[in-house]
Amino acid sequence: MTDDLRISIEVSGPKRTCRLAGHLDTHTYQSADSELEPVLADPSVNLLVLDLSDLEYISSAGLRTVFRARKSLGSRGGKVLVANPQPQIRKVFDLVKAVPFSEIFSSTAEADAYLDAMQKRVLSGDDD
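In this report, the structure presented in the accompanying data block is examined.

What counts as what
Residues numbered from 1 in each chain as written. Predicted model: local features only at pLDDT ≥ 70, side-chain atom pairs only at ≥ 80, totals over all residues. Heavy atoms only, no water. Helix = DSSP H or I, 4+ residues; strand = E, 2+ residues; numbered from the N terminus. Expected span 1.5 Å × (residues − 1). Bend = angle between axes of the 7 residues up to and from the residue. Buried < 20%, exposed > 50% of the residue type's maximum accessible area, 1.4 Å probe, protein only. Contact = heavy atoms within 4.5 Å. Pairing = 2+ DSSP bridges. Axes fitted to C-alpha atoms, helices over the stretch in contact; angles between N-to-C directions. 1 Å grid on protein atoms, 1.4 Å probe; cavity = no way out; pocket = protein on both sides within 12 Å on 5 of 7 lines; lining within 4 Å. Points joined across faces, edges and corners; volume = space filled by probe spheres on them.

Examining helix 1 (residues 29–41)
Look at helix 1: 18 Å from first C-alpha to last across 13 residues, which is about the 18 Å you get at 1.5 Å a residue. Where helix 1 bends most, the angle comes to about 30 degrees, and this point is E35, followed within four residues by the proline P38. If you check which residues of helix 1 are buried, you get A32, L36, V39 and L40. Summarising the contacts, the buried residues of helix 1 are in contact with strand 1 (5–12), strand 2 (15–24), strand 3 (47–58) and helix 2 (60–74).

Observations concerning the sheet that holds strand 2
Taken in spatial order, the 4 strands of this open sheet run 1-2-3-4, and their pairing is mixed. Both edges of this open sheet fall to strand 1 and strand 4 (79–83), since each of them pairs with a single strand only. Across this sheet, the average inter-strand angle for adjacent strands is 20 degrees, counted without regard to direction. Helix-sheet contacts for helix 1 involve strand 1, strand 2 and strand 3, and the interaxial angle to strand 1 is about 10 degrees. Packing against the sheet, helix 2 makes contact with strand 2, strand 3 and strand 4, and its axis sits at approximately 175 degrees to strand 3.

Points about the layout of surface pockets
A volume near 320 Å³ is recorded for the largest pocket. Looking at the largest pocket, the residues that line it are V66, F67, R70, V80, V82, P85, R90, F93, D94, V96 and K97. The element best represented in the lining of the largest pocket is helix 3 (residues 87–98), accounting for 5 residues.

Following this line, the structure appears as structure tokens:
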């Protein structure tokens, strides 16, 4: 994917809201990780809200970014909440919740191909 990722972070006391727009994939996840690093390292932050209302696509690399954030804040009693996912993004999160991601696919490429096809199906209205 060549689409970019736009990130903005709002501060409100111990809460941070991170708005992600565009594509969170193998080409952009490092930008997201870099932007989130100081937020996750800040001991005063106990809540991170990921506002995904403008996120159009997520790959397995993007999922790892979300899981990493959850693990990091969770290790000190904090939480990561996902808000406003578009239908195709919600479908990916529902799929990953239903079956552990690592047990579904034999490679990242295979996982990304499946996630890409599934998100396109949701966008075209062919979702089950």
